[in-house]
Each structure stands twice: as structure tokens, then as C-alpha cells.
Amino acid sequence: MSLGLYISVPFCRTKCSYCNFASDVFSKSAYENYVARLLEDIANSRRLASELGSALGFTQDDAADSIYLGGGTPSLLDAPQLLRIFAAVRDQFTVTPDAEITVECAPGTLTPALIETLLRCGVNRVSLGVQSFVDQEAQSVGRLHKRSTVLEEISRLREAGICNINIDLIAGLPHQTAESWAFSVLETIATCVPHVSVYMLEVDEDSRLGRELIAGGARYHAHFVPDDDATADFYQQACQMLDVAGVAQYEISNFARVASNNGELQNNQSRHNLKYWTRQPYLGFGVDAHSMLERIVWGRAPSPVRVGTAARGPNNPGVTTAVAGIGANCHQAVRFATPDSLDAYMNREPHTVTPVSAQAAFEESFFLGLRLNRGIDLEQLPEESGSDFINCGEVHECVDHRGRAALQGRVTHLKSEWALAPKASRDAQRAFKPDTITTWDSAIKQSVREGLLEQQGTTLRLTARGRLLSNEVFARFLTDETKGGTGHVNPR
């Protein structure tokens, strides 16, 4: 399975008031040191995977078919810095000829020189943080661009041959009304970009605007923020308008055109983000970058690195990996993340490492799959996640030729009578609690009754209302093991 690569650039021209990402305004003198640290990180990626466990990782022949430079504002880096980053990636990974290579750009930074650099780096997709086509709304949260800037830069990108463009919009910004929101959505449709992301304003303590809203204050235009009901209406309004315009929703926040190109249908869905939602392997580099690698072979001996100890390679003396909790045969995958502050990352503080058990992987497949409009196939889900649940009364061999769990035979639907496969054909670490399935069966029925989920045969998907209340729906299916934040995805 091809890798996705995420590279974080945490630098901004200004810090938007709504932003809760690990990014901020730094002097340009910090950029060069950060790039050097990034290159070190990329060069040591295989060593890190080895330190996390010899049954994890990838080989020299593994290819990367998606690269995503996010932030922050990666377009603030100068040409030599961007070229060195992409050269380092290609030095360590085989990048497929058709790879999707995305860079996030703030409108107002896309000079002709930058676009030329992006082309030299192989970039074929650009994501623009527009947020609003209404100048007052954009400026109220710290965006520096105007509507005319966005339109000019979209035209400039297309003239250069970069036509795969995403526009980000945020519903619920200060001063936003139903009329102004409709204007932003209509302007987005009129650009004919192939991909659109629509997010509802997040209110939490990780952003200045969020803290002000929670406190009931007026700074950062907080007293002009629409209420929750209005924001929900804006989101639903955008879903409907984009659908009518042929920009189909395929994930809670993401929409793509399916266009004809020389007689063939062109799928404009984000290949990179789909890796997060379908649990494909990905590696992240830089501040607050997350990674997920699956075990390659079940039952392989653990890494020579002792569990719970610091691992320092001779060529990378400052990297410390916290591997507590990872042992032989106790996890299906591992998620790990870099520190979420620039100082901690530059000081080479340890990765946060989270072993993903088979039960956690099953639950991740369930609720991440529900983010997609196509939903999940309850019949295929156990097989796809390596589960050992089978229909009672049937006998199955649950190990395939690679030694991984494999469900032979068909299971028609989730039900409380599910049991574990025969002990001889399974390992303890892949055993789920039968009462989890019983709980899910009840939660599914309740969610269907409440109009949050719909089920057709073995396919389960969120309804339009369910997508609006997705966090509430997902919470019904999380056990204590997965309530700690598994399933994190990098921004857009």
C-alpha cells in the first residue's frame, strides 16, 4: 500500500484568530533552522520506524503516491528551502509518477516566482485558505487577502498549468449572514475549482477567538459570530448549493467535482486525505505531524529497542522515542506524533507513541469510514480491519498466507451473537470483547431511529443530519481505548 507523506510548516504571516493549529508568526531567521531539522527528520524516517518495532515500517521499494505540505503557510518558505525539502523526500522515497503533490498557500503569497518554484518541485495541487470571499469577514479574523486577490491567483495557477485547486471555506465567521455566506459559496462555485472544503467554526480554548467566545467577550469580533444554529444552517446550505452545482460531497467537510476529461471521468477527491479516513499508512514530518504505520507481519519479534527506554541512533543522537507499551504481538498498528511546539520539536523532544490494538483499529475503521458519504460495509469491515469476529456456528480459518488475521466466509450484519474465532486460529491480541459488538448493535439501531444513520443492506452511512452531528454519533461507538484521540488527521 503506497505511503502518504505530510510535511508541516508552522509559519504564518499573521495568526488568524480562529486558528487552533500548531502554527504562529516567527521571524524568517527561524525558517532555515527549521528546514534543516525537517531534512534531518526525513532522512531518519526509516530509523524511526525501526525503533518503533521491527514489524513496522516500509522498505526502500515502497512508493509514496501523495505528498502534502501543510501548515501554517508553506508558501512563506523561499525557493531554495522548498526545493531542498522536496529533494530530500525524493531521496528517501520513491515518488510515483502520478503522485498527488499538494501545497497549502495563503492567498496573497502566490507570486509568479513561487508558482515557478512549485512547478519545479513537482507540485500539481494547491489548497487555498480563502475562508470567505467577503472581505470584511476575512479581515475580521486576520486574513490579509481580498476577494480579488483569490481570483487573480486562481487564474495565475491555471495559466501555469496547476488546475487541481482546493478552496477552504469556514461557516460561522464573525459578521457572516445567510446572504454573505451564500455569496462566498456562489463565488466558490463560479471559480469552477475541482475541490472545496467547508468547515464549521470550531469553538475551543486552542484559539483566541474560541477563548473569547467561551468567555462571552467581544475581542476579535466575537460578539459578531453567528450562533450554533445559524452556523449549522450555513453548513447545510453549502452542502445543498454545492450539490446542485455538481460538486458532490464525499466526506463530512469535503466536496469534489467528477468531471469528464478527454472522455474519461476525472476523480478530484483528495487522495492524501482519503488515506487518513481509510487507515492507509502515512508519515508526518515537522511540528505536530502525525503518522500511522501498520504491522507488516503478525508475530514477528520486537525491535531490539527495549520497551519503555530511550532509543538514540549513532547518526541521530538527539532523537528520543517513547516506546512504552509496545511489545511483541500486542498491537496492529502504531500512531506517533512529533511535539506540538516549535521549541520542543527543535529541541528533539520525544515522539508521542500510541500502540493501536486490533480492537482500536476496528473502531477506527468504523468511525473514520463513517466520515465518508459512501459509509461502511458492515459485512466487509471485520475482514478489512483484520478482525476475529465471526458468525456463531460457523468455522473459519482466520490466518492468511502472511500470518495476518483474515476472515474467510461472509458475515451479513453486526449482531450480538458474534463470537471469537476458534482459539487455535487467533492470537490473544486480536481478541475483541463480544460485548462491544452488542453495544454497537444497540447504538446503530438507536442512531437509525433518530435519523443520524441510515442502513441499506449491509451498508451503514451518516445521514445529512448525522454529518452535522457527527461527533455525537461517533462518541456512541468509542470505547475507553479509543476515546483518547485515535484517528487524528492532519489539517485538510
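Our structure's up above, just so we're on the same page.
Peer 1: So what exactly am I meant to see when it comes to the environment of N373 here?
Peer 2: Take N373: it is sitting in the loop between α12 (358-370) and β14 (376-377). Overall, N373 belongs to the buried group, its relative accessible area being 18%. N373 sits 123 residues away from Y250 along the chain, and the two C-alpha atoms are 4.9 Å apart. For N373, the residues in contact, after removing those within four places along its chain, are Q249, Y250, E251, I252, R461 and R467.

Peer 1: Just checking my understanding: could you explain helix α1 (residues 29-43) for this structure?
Peer 2: Each α-helix turn comprises 3.6 residues. Residues three or four places apart therefore point the same way. Relative to the 21 Å expected for 15 residues at 1.5 Å per residue, α1 spans 23 Å between its end C-alpha atoms, a close match to the ideal helical length. Residues of α1 that are buried include every one of Y31, Y34, V35, R37, L38, D41 and I42, and no others. Buried residues of α1, seen end-on, are gathered within an arc of 165° and therefore sit on one face of the element. Where α1 is buried, its residues touch β1 (3-9), α2 (45-52), α3 (79-92), β10 (282-285) and α11 (342-346).

Peer 1: Sorry, what's going on with the packing of aromatic side chains here?
Peer 2: The geometry of an aromatic ring pair comes down to the distance between the two centres and the angle between the two planes. Applying the stated criterion to the full structure yields 13 aromatic pairs. Taking 4.3 Å as the distance between ring centres and 20° as the angle between the ring planes, the aromatic pair formed by F11 and Y31 counts as stacked. One end of the pair, F11, is in the loop between β1 and α1; the other, Y31, is in helix α1, with 20 residues separating them in the sequence. The class of F11 is buried, set by a relative accessible area of 0%. Residue classification places Y31 among the buried positions, given a relative accessible area of 5%. For the pair W440 and F477, a centre-to-centre distance of 6.0 Å together with 80° between the ring planes defines the contact as edge-to-face. In this pair, W440 sits in helix α14 (residues 434-449) while F477 sits in the segment after α16 (470-475), placing the two residues 37 residues apart along the sequence. Like F477, W440 is buried.

Peer 1: I tried to follow the environment of R348 on my own but got confused; where do I start?
Peer 2: Secondary-structure assignment places R348 in the loop between α11 and β13 (352-356). Residues R348 and T338, 10 residues apart in the sequence, show an inter-C-alpha distance of 8.9 Å. Side-chain polar atoms of R348 contact the backbone oxygen of M346, separated by 3.2 Å.

Peer 1: When you look at the pairing of strand β5 (residues 164-171) in this model, what are you seeing that I'm missing?
Peer 2: Along any regular strand, the residues point their side chains to alternate faces of the sheet. In terms of residue burial, β5 counts as a mostly covered element, since 7 of its 8 residues are buried. Note that β5 and strand β6 (residues 195-200) share 6 bridges and pair parallel. Within the sheet, the bridge partner assigned to L169 lies in β6 and is V198. The handedness of the β5 to β6 crossover, carried by helix α7 (residues 178-191), is right-handed.

Definitions and cut-offs
- Residues numbered from 1 in each chain as written.
- Predicted model: local features only at pLDDT ≥ 70, side-chain atom pairs only at ≥ 80, totals over all residues.
- Heavy atoms only, no water.
- Helix = DSSP H or I, 4+ residues; strand = E, 2+ residues; numbered from the N terminus.
- Buried < 20%, exposed > 50% of the residue type's maximum accessible area, 1.4 Å probe, protein only.
- Contact = heavy atoms within 4.5 Å.
- Expected span 1.5 Å × (residues − 1).
- Arc of directions from axis to C-beta.
- Phe/Tyr/Trp six-rings, centres within 6.5 Å; stacked < 30°, edge-to-face > 60°.
- Polar contact = N/O pair within 3.5 Å; in protein donor to acceptor, adjacent residues only side chain to side chain.
- Pairing = 2+ DSSP bridges.
- Right-handed = clockwise from strand over helix to strand, strands pointing away.

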